[in-house]
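A structural walkthrough
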Amino acid sequence: MRHGAASGTRPGATPRREPVPAPSEEPEEEAATCPEDWPARPDPILAMNRMGSFDWDLDSGRMHMDRQALAVFGLRPERFDDMATTASAQMPRAERDRMAALVKDAITAGHETYAGYFRIRRADDSLRWTHTQGYIRRDAGGRARRIFGIVRDATQELSDTTARREQASELRRRTTVVERTTAALAAARTVADVLDVLREQDGLVRLGADSLVVGLLEQGRIRLVPDGPTGGVIDAGRHTRLDDPYPMADVVRTMRPVYLEDAESFAAAYPELWKQIAHLRPGAAAYLPLVAQGSPIGSLGLFYGGTHHFAPEERNVLVALGSSLAQSLQRAMLYEQEKDLAQGLQQAMLPRTIPDVPGAEVAVRYRAASAGRDVGGDWYDLVPLPGGRTGAVIGDVQGHDTHAAAVMGQLRIALRAYAAEGHPPATVMARTSLFLDELDTDRFATCLYAEADLSTGVLQLVRAGHLDPFLMAPDGSARRVPVPGGLPLGLSSQFGALDYPVSTLELDPGATLLLCTDGLVEVPGADLDDGFAKLATQLRTGPRDLRLLADLLTTAVERRGGEDDVAVLLLRRRATVGAPLYGGRLQQHVAPGDPRDLAEARRMIRSAVRSWGAPLYGGRLQQHVAPGDPRDLAEARRMIRSAVRSWGAGSRSDDIELATDELVVNALTHTEGPALVTLRVLTGAVRRLRVEVEDSSSALPRRREADAEGQSGRGLMLVDLLADAWGVEARGAGKCVWCEFEVRRPGEEVAGPGPAG
């Protein structure tokens, strides 16, 4: 074999002279020959370099591994079933997921090779760094079919720069997970939102944990959040006391994390808890304190399926995550406390119960806002009014906060008081506007007030900047009813526009009045008319039951994610059993030039008048009586006499006329203003005639015993004797004295006078 530069001379150096060998008498030796096993087979070369090879069939999932590859993975040949899943089971889950993603990305991107570092769990549960490199073989169509690769022990190698880069990459990955989780936690509003972030696929599980549980400190005890994903690992009861021998209690008390790297250390540190969970075969665990503003608010538990070593870098990442989680949880708990307080305040401001309304069905609903603090200024109310009438109210105070709810409560009570005093609808609205203007607030409110006389079906409506009402006919058709209105409450008084117009509608038996706030129809970015049209469709196609209909309307808002709060009031006038309906109406079309239609209309009118007793039941008559004007008093008497007879109450005509005369004379004698006499028929199981005499004095009448020669004191005694019921009601600044008489058709028994009302 020749020697020269190849035998060790450095390029560029002066060659060293070698001594010339002496001549030999023996023949020259032949050139050196190669070993008999040269070139060596690949397997021994790989083995001597502690490398193993594998052949992975991607279609079947089978993987052939040589002995050295099995040794690298810590697998015995007789126990390996030639399946790739068995080999990957030697890797921690986080490593397995990462390498699976690496191979998938290489195949998807069309690469020929891939390489990466990962850790393998050895028989003693320790972790060993390993490196793999693979060649991807594809078929003619470019589809990946097999992977030929090598694996080697990289424990020593990771001490160099490459290992440090790998570890830095892993740290960056964990840090990225924490950053993403922290960003998601910043948007969480409730405790449930925080837990949802932790359960996300890219959340804590990507850090290697199999499951988690959150415990919150409440009144000296740790409450496990009910929907916290325990994963079946822990649960020594839903509450843990701070002095219990459990890791969560230790963490909260000391505000220091607890790391349990294997089952043995878990059982040794917390034997009481281990007895309860040993059958679940838990592995490692990390308990982190949740500290906000220097005080513990709970604990986070992370659980791992097997042994897990918590390196210093990983511990730092987990502590940082625990700090971020604590801030989010504290913010969420404060938000929920404020939300509960605000909603409790609003519920206290709304009517606790809705009174029964004779002759009507009522359904009300309120849905809290999802924007702001989940509380707003919407309200509804139903007010019993003098004379058997009913006031229906819907309103909306500007804003979505506790201040709006507080103003709403004051406004509702004020409007209710004004209405109960008997003021006309326009006066009720004007006084409520003045009341709001006098409050120490810059808020205004919209409102719609409807005064309903359900015996006649007459509705008087006043609107202050609010949405128009909807009217649903007995046949199910629905329409929006345009109602003239004034400025919102609070603004009308500022601009001196307190004269609210009053509109009158008729509510037929079986018809329904809908009052609502704008949250029911308004959708951001959509036209308001579209919302009205959709509401009309819902009313037309919805259930006939009012409660189910109210549920349908509010649920629809929930489904579309409406951010505003919603108040709904449905009032339906019941249909009276019997034909024809009291307070109802008959119709007849009369064609021009058709005498038969005209004759039919006359017969209808004649029959109805005889059946109902003209004028129609449900009507009413009124007469103003001025003080010192005998003509008004005489006209009132003639009205009473004529009405009583025409309404079929001739048998009690004298009683009604005398009692009414006494009430009118009392009003003119004891007050300085005029009197208003109203007569009307009330329908129901028993037909009644009601007489009302209103005056401007708030002084209540008193029954007195008249002496033998006294000229007064007998008026109310006569009313008490003659009427079936009587009483006094407030009407604005004055009062109304009323009495009722049962009225039956000829042949029907009439009950005698009842006790005083």
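About the thresholds
- Residues numbered from 1 in each chain as written.
- Predicted model: local features only at pLDDT ≥ 70, side-chain atom pairs only at ≥ 80, totals over all residues.
- Heavy atoms only, no water.
- Helix = DSSP H or I, 4+ residues; strand = E, 2+ residues; numbered from the N terminus.
- Buried < 20%, exposed > 50% of the residue type's maximum accessible area, 1.4 Å probe, protein only.
- Areas by Shrake-Rupley, 256 points an atom, 1.4 Å probe, with all protein chains shown as cover.
- Pairing = 2+ DSSP bridges.
- Phe/Tyr/Trp six-rings, centres within 6.5 Å; stacked < 30°, edge-to-face > 60°.
- Lys NZ or Arg CZ within 6 Å of the ring centre and 35° of its normal.
- Salt bridge = Lys/Arg side-chain N within 4 Å of Asp/Glu carboxyl O.
- Axes fitted to C-alpha atoms, helices over the stretch in contact; angles between N-to-C directions.
- Contact = heavy atoms within 4.5 Å.
- Expected span 1.5 Å × (residues − 1).
- Arc of directions from axis to C-beta.
- Polar contact = N/O pair within 3.5 Å; in protein donor to acceptor, adjacent residues only side chain to side chain.
- Parallel < 35°, antiparallel > 145°, perpendicular 65-115°, else oblique.
- Left-handed = near helix turned anticlockwise from the far one by under 90°.
- Nonpolar A, V, L, I, M, F, W, Y, C, P; charged D, E, K, R; others polar.
- Core = buried A, V, L, I, M, F, W, Y, C linked by side-chain atoms within 4.5 Å.

**A look at the overall build of the chain**
- Along the backbone of the chain there are 19 helices and 27 strands.
- Residues counted as buried form 44% of the 757 residues belonging to the chain.
- As presented, the chain carries roughly 39,900 Å² of accessible surface, and 52% of it is formed by carbon and sulfur atoms.

**Quick look at the environment of Gly673**
- On the secondary structure map, Gly673 appears in the loop between helix 18 (653-670) and strand 24 (675-682).
- For the pair Gly673 and Asp695, spaced 22 residues apart in sequence, the C-alpha to C-alpha distance is 6.8 Å.

**Topic: the pairing of strand 11 (residues 295-303)**
- Most of strand 11 sits out of view: seven of its nine residues are buried.
- With six bridges joining them, strand 6 (residues 211-218) and strand 11 adopt antiparallel strand pairing. Opposite Ser211, over in strand 11, you have Phe303 as the bridge partner.
- Note: strand 10 (residues 285-292) against strand 11, eight bridges, orientation antiparallel. Bridge pairing links Leu288 to Leu300 in strand 11.

**Describing the packing of aromatic side chains**
- Summed over all chains, the structure comprises six aromatic pairs.
- Taking 5.8 Å as the distance between ring centres and 85° as the angle between the ring planes, the aromatic pair formed by Tyr287 and Phe303 counts as edge-to-face. Of this pair, Tyr287 sits in strand 10 while Phe303 sits in strand 11, and the two are 16 residues apart along the sequence. This pair shows no difference in class: Tyr287 is buried, exactly as Phe303 is.
- Relative to Phe310, the ring of Tyr304 has its centre 5.3 Å away and its plane inclined at 75°; by these criteria the two rings are edge-to-face. With respect to class, Tyr304 is no different from Phe310; both count as buried.
- The rings of Tyr259, Tyr304 and Phe310 are connected pair by pair, giving a single aromatic cluster.
- We note Arg480 situated over the ring of Phe532; from NZ or CZ to the ring centre the distance is 4.4 Å.
- Across the ring face of Trp738, the terminal group of Arg690 is positioned such that the distance to the ring centre comes to 4.4 Å.

**A closer look at the pattern of salt bridges**
- What the rule picks out here adds up to 31 salt bridges.
- Asp59 is the partner of Arg145 in a salt bridge, and the nearest nitrogen-oxygen pair spans 2.7 Å. Here Arg145 is found in strand 5 (residues 144-153), whereas its partner Asp59 is found in the loop between strand 1 (51-57) and strand 2 (63-65), with 86 residues between them in sequence.
- The partly exposed category is assigned to Arg145, whose relative accessible area is 28%.
- One salt-bridge network, in which partners are shared between bridges, spans Asp453, Arg680, Arg688, Arg690, Glu692 and Glu740.

**Side note on the sheet that holds strand 6**
- Here we have six strands laid out as an open sheet, ordered 8-7-6-11-10-9, and antiparallel in their pairing. The open sheet has two edge strands, strand 8 (239-241) and strand 9 (258-260), and neither has a second partner. For this sheet, the mean inter-axis angle between neighbouring strands, taken without regard to orientation, is 20°.
- Sheet strands touched by helix 7 (residues 247-254): strand 6, strand 7 (221-224), strand 8, strand 9, strand 10 and strand 11. Its angle to strand 11, the strand with the most contacts, is close to 145°.

**Here's the deal with helix 4 (residues 93-109)**
- The end-to-end C-alpha distance of helix 4, which contains 17 residues, comes to 24 Å, matching closely the 24 Å that a straight helix rising 1.5 Å per residue would cover.
- For helix 4, the complete set of buried residues consists of Glu95, Met99, Val103 and Ala106. Axial view of helix 4: buried residues confined to an arc of 65°, hence all on one face. Away from its buried face, by an angle of more than 90 degrees, helix 4 presents the exposed residues Lys104, Asp105 and Thr108.
- Contacts from the buried residues of helix 4 go to strand 1, strand 3 (113-121), strand 4 (127-138) and strand 5.
- One or two residues past the end of helix 4 sits Gly110, with phi positive at roughly 80°.

**Brief notes about the side chain of Asp250**
- Position of Asp250 relative to the elements: it lies in helix 7.
- Under the relative-accessibility criterion, Asp250 is labelled buried at 18%.
- A polar contact is formed between the side chain of Asp250 and the side chain of Tyr270, at a distance of 2.9 Å.

**What about the packing of helix 18 against helix 19 (residues 715-722)?**
- Contact geometry for helix 18 and helix 19: axes closest at 9 Å, N-to-C directions at 150°. With respect to helix 19, the axis of helix 18 lies roughly antiparallel. Crossing hand, helix 18 versus helix 19: left-handed. Contacts from Asp655, Leu658, Ala659, Glu662, Leu663 and Asn666 in helix 18 reach Gly715, Leu716, Leu718, Val719 and Leu722 in helix 19.
- Per-class residue counts for the contact of helix 18 with helix 19 are seven nonpolar, two polar and two charged.

**Notes on the nonpolar core**
- Counting 52 residues, the largest nonpolar core has Trp379, Tyr380, Val397, Met429, Tyr449, Leu489 and Leu569 as its most contacted members.
- Broken down by element, the residue count for this core peaks at eight residues, all from helix 11 (residues 402-420).
- Other than its neighbours up to four places away in sequence, Leu569 contacts Ala363, Val364, Tyr380, Asp381, Leu382, Ala392, Val393, Ile394, Leu513, Leu514 and Leu515.
- The next biggest cluster of nonpolar side chains, apart from the first, holds 30 residues, and it includes Val625, Ala643, Trp726 and Cys739.

**Comments concerning the sheet that holds strand 4**
- If you walk across this open sheet you meet the five strands as 2-1-5-4-3, and the pairing is antiparallel. In the strand order of this sheet, the two ends are held by strand 2 and strand 3, each with one partner. Between one strand axis and the next, the sheet turns through 25° on average, direction left out of account.
- Across three bridges, the pairing between strand 1 and strand 2 is antiparallel.

**Here's the deal with the pairing of strand 14 (residues 390-397)**
- Among the eight residues of strand 14, eight are classified as buried, and the element is accordingly described as predominantly covered.
- Alternating positions in strand 14 separate into two faces, Thr390, Ala392, Ile394 and Asp396 on one and Gly391, Val393, Gly395 and Val397 on the other, with burial throughout.
- One ladder, built from eight bridges, connects strand 13 (residues 377-384) with strand 14; its direction is antiparallel. Residue pairing for strand 14: Asp378 is matched across the bridge by Asp396.

**A few points about the environment of Val681**
- Mapped onto the elements, Val681 comes out in strand 24.
- Residue Val681 is classed as buried on the basis of its relative accessible area of 3%.
- Each C-alpha atom, one on Val681 and one on Glu740, is 9.4 Å from the other, the two residues being 59 residues apart in sequence.

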